[in-house]
Amino acid sequence: MSGSEVDTVVIGLGPGGESAATTLAEAGLNVVGIDQRLVGGECPYFGCIPSKMMVRAAHLLAEGRRITGMAGESAVTPSWTPVAQRISDEATTGWDDTVAVERLGKAGVTFVRGHGRLTGERTVEVAGQTFVAARGVVLNSGTEPAIPPIEGLADTPFWTNRDAVQVTDLPASLIVIGGGAIGAEICQAFARFGVQVTLLEVADRILAPEEPEASSLVVDVFAREAIQVLTGVTIGSVSYDEGRFTVDVDGQTLHADKLLVAAGRRTNLTDIGLDNVGLDPEANSIQVDARMRAADGLWAIGDITGKGGFTHISMYQAGIATRDILGEPGPEADYRAVPRVTFTDPEVGSVGITERQARENGINVRVGVTNVPEAARGWIHKAGNDGVIKLVEDADRGVLVGATAAGPNGGEVLSLLTIAIHAEVPTDSLKSMIYAYPTFHRAVEDALGKLS
Ligand SMILES: Cc1cc2nc3c(=O)[nH]c(=O)nc-3n(C[C@H](O)[C@H](O)[C@H](O)COP(=O)(O)OP(=O)(O)OC[C@H]3O[C@@H](n4cnc5c(N)ncnc54)[C@H](O)[C@@H]3O)c2cc1C
């Protein structure tokens, strides 16, 4: 096989790919890192970071407005204050990966911008060059926004997350298709900026992978914030005329200035040469073993593995794959305690499996639920104290297998529950711990006491 000989080629430099390329190069390997767009992937430019900056700006406004409820007098009422504008603008101005490319260079990675394609075992073509990787290839090609096949949609100037985080002028109204984490976060942020928002979800509830208690909590808050949420809908068609979108939903006609499609993600696996290495080119995800091996001399990491579309999964898998490539010992992949956070207000943090999944798995389940406003800190917090803690226990083993921490700082409260599930801390031990008073995480103790 002809081509430049190297140790490893990384195709796609999302969070995990960038981390793997850097670690391998710093360990002394000759590494080529390839990306067709921006080094760092979706997260820093179009995903986690800009969306959370918008969320931060929006939540600051909401927190200010709560003074009215706390003090009984009119306080902060503007819809788009300079501080929110500044934070939100910063979220959209960092689309230059010079720093990330320099970081790769410093680590010793040879960076090639272009579309990487497997042309055979351990062989990659990019930008007219061929590389043969003695140790193998790491795939981290990630995802694109999925666009549902709704009549007329493709012919309209709809937004995806990549457009929503670029906005500098607010529309008066916005329809969001998709009530998953991304749709819910962006929808609430825009509503808090003063935009009239309608959220459409085809499933019978938003945040469908989460516990029903978490979905209804967020829906109640959205209702109070005048966000119209329609669930169980069938979207008939979408059209665009004279600056307005028209969406037909179950016989109802909705209009808005902008339309955001947040209906899931599509993996970047087409035209990457999977058939040249004996893998199914039609697959939606790549099957990997517990060391991220997909085939001989091929590792896959990140969203394409279907183990959770999160930056922390991509980074976690990168660590396992790099250890395997370097022949270093270390734990294999374990997905029992995958944490996930929806950064709405209240934040919905969850880990492990839901009550329903536990019952479907034949587990002898006990459940404990407590409402945050009834716990001491929730009562003290008052405005903005919506929240629920739900614990799912395997009663036979006496350990938690799933948990939800929704409420103020729900994603931070989750850390305690993630440890409990990851380390299989006995429920009796959790009950005998001391929980600082009056913290939000102390509500976990209440929920433990309610396990039945
Ligand atoms: C709006 C939004 C908010 C999010 N918020 C969070 C959050 O709060 N927390 C969280 O954990 N996750 C969040 N995510 C998910 C997170 O962004 C992804 O899970 C994360 O980026 C990891 O993806 P990845 O490593 O699989 O690759 P990606 O980040 O998708 O990057 C893949 C890279 O591969 C490149 N590529 C693809 N094909 C090729 C090819 N053939 N040749 C060369 N290059 C190629 C692409 O250009 C891209 O740079 C969010 C996502 C979105 C869209």
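It should be noted that the structure appears before, not after, this text.
Residues numbered from 1 in each chain as written. Predicted model: local features only at pLDDT ≥ 70, side-chain atom pairs only at ≥ 80, totals over all residues. Heavy atoms only, no water.

To continue, consider the overall build of the protein. Secondary structure assignment for the protein yields 14 helices and 22 strands. Radius of gyration (C-alpha) of the protein: 23 Å, near the 22 Å computed for a compact globule of 452 residues. Along the first, second and third principal axes, the C-alpha atoms of the protein reach 75 × 65 × 40 Å. Every one of the 452 residues in the protein was classed for burial, and the buried ones make up 51%. The contacts in the protein between residues at least 6 apart in sequence include a share of 63% that link residues at least 24 apart. Split by element, the accessible area of the protein, about 19600 Å² in all, is 51% carbon and sulfur. (Helix = DSSP H or I, 4+ residues; strand = E, 2+ residues; numbered from the N terminus. Rg over C-alpha atoms; globule rule 2.2 N^0.38 Å. Buried < 20%, exposed > 50% of the residue type's maximum accessible area, 1.4 Å probe, protein only. Contact = heavy atoms within 4.5 Å. Areas by Shrake-Rupley, 256 points an atom, 1.4 Å probe, with all protein chains shown as cover.)

Bringing the pairing of strand β18 (residues 339-342) into the picture now. Across the two faces of β18 the burial differs, with R340 and T342 buried and P339 and V341 not buried at all. Where β18 folds back on strand β19 (residues 347-352), the antiparallel hairpin that results is connected by 4 residues. (Pairing = 2+ DSSP bridges.)

Our focus in this paragraph is the packing of helix α1 (residues 15-26) against helix α5 (residues 98-107). The geometry of α1 relative to α5 is characterised by a closest axis approach of 8 Å and an angle of 25° between their N-to-C directions. For the element pair α1 / α5, the angle class is roughly parallel. In this structure, α1 contributes E18, A21, T22, A25 and E26 to the contact, and α5 contributes A100, R103, L104 and A107. Of the residues assigned to the contact of α1 with α5, the class counts are 5 nonpolar, 1 polar and 3 charged. (Axes fitted to C-alpha atoms, helices over the stretch in contact; angles between N-to-C directions. Parallel < 35°, antiparallel > 145°, perpendicular 65-115°, else oblique. Nonpolar A, V, L, I, M, F, W, Y, C, P; charged D, E, K, R; others polar.)

Here we come to the environment of G47. You can see G47 is positioned in the loop between α2 (42-45) and α3 (48-71). Once the C-alpha coordinates of G47 and V165 are considered, the two residues, 118 residues apart in sequence, prove to be 8.4 Å apart.

Judged by pairing direction, the sheet is parallel, and its 4 strands sit side by side in the order β10-β9-β8-β14 without closing on themselves. Each having just a single partner strand, β10 (228-231) and β14 (258-261) make up the two edges of the open sheet. Here the average twist between neighbouring strands, direction ignored, is 15°.

A separate point is the packing of α1 against helix α9 (residues 311-326). Across the interface, α1 lies against α9 with an axial gap of 8 Å and an inter-helix angle of 30°. Considering their axes alone, α1 and α9 lie roughly parallel with respect to each other. Between α1 and α9 lies a crossing of right-handed hand. In contact with P15, G16, S19, A20, T23 and L24 of α1, α9 contributes T311, S314, M315, A318, T322, I325 and L326. Of the residues assigned to the contact of α1 with α9, the class counts are 7 nonpolar, 6 polar and no charged. (Left-handed = near helix turned anticlockwise from the far one by under 90°.)

On to the nonpolar core, then. Ranked by internal contacts, the top residues of the largest apolar core, which has 49 residues, are V9, I11, L118, L139 and I286. Among the elements of the structure, β1 (4-11), α1, β2 (31-35), α5, β5 (123-126), β6 (129-139), β17 (298-300) and α9 are those that each provide at least two residues to this core. Element by element, the count of residues in this core is highest for β6, at 5 residues. The next biggest cluster of nonpolar side chains, apart from the first, holds 32 residues, and it includes M54, A164, V197 and L217. (Core = buried A, V, L, I, M, F, W, Y, C linked by side-chain atoms within 4.5 Å.)

The next point concerns the layout of surface pockets. The space that makes up the second largest pocket amounts to roughly 390 Å³. Around the second largest pocket sit 18 residues that line it, and R56, H59, D345, E347 and N409 are the ones nearest its centre. The biggest single contributor to the lining of the second largest pocket is α3, with 7 residues. (1 Å grid on protein atoms, 1.4 Å probe; cavity = no way out; pocket = protein on both sides within 12 Å on 5 of 7 lines; lining within 4 Å. Points joined across faces, edges and corners; volume = space filled by probe spheres on them.)

For the coordinates displayed, the defined rule picks out 31 salt bridges. A salt bridge links E210 to R340; the nearest nitrogen and oxygen atoms lie 3.5 Å apart. Linking E210 in the loop between β9 (196-201) and α8 (212-224) with R340 in strand β18, this pair joins segments that are 130 residues apart in sequence. Both residues of the pair, E210 and R340, count as buried. Salt-bridge contacts for D394 lead to R397; the nearest nitrogen and oxygen are separated by 3.4 Å. Each of R37, E42, E144, R162 and R265 takes part in a single network of salt bridges with overlapping partners. (Salt bridge = Lys/Arg side-chain N within 4 Å of Asp/Glu carboxyl O.)

The 5 strands are arranged β18-β19-β22-β21-β20 in an open sheet whose pairing can be described as antiparallel. The two strands at the open ends of the sheet, each matched to only one other strand, are β18 and β20 (365-371). Adjacent strand axes in the sheet meet at a mean angle of 10° when their direction is disregarded. Looking at chain direction, β18 and β19 are connected through 4 bridges and run antiparallel. Pairing of V341 across the sheet is with G349, part of β19. Of the strands in this sheet, β19, β20, β21 (388-394) and β22 (399-407) are in contact with α8, which crosses β21 at around 175°.

Another aspect to go through is the site of the ligand. Looking at the ligand, there are 38 residues lining it, with D35, K52, G116, D303 and S314 nearest. H115 places a polar side-chain atom, nitrogen or oxygen, 3.3 Å from a nitrogen atom of the ligand. A distance of 2.8 Å is found between a nitrogen atom of the ligand and a backbone nitrogen or oxygen belonging to G116. Here the ligand loses 95% of its free accessible area of 1000 Å² to cover by the protein chains. Taken together, the residues of the shell around the ligand break down into 12 nonpolar, 20 polar and 6 charged. (Near = heavy atom within 4 Å. Polar contact = N/O pair within 3.5 Å; in protein donor to acceptor, adjacent residues only side chain to side chain.)

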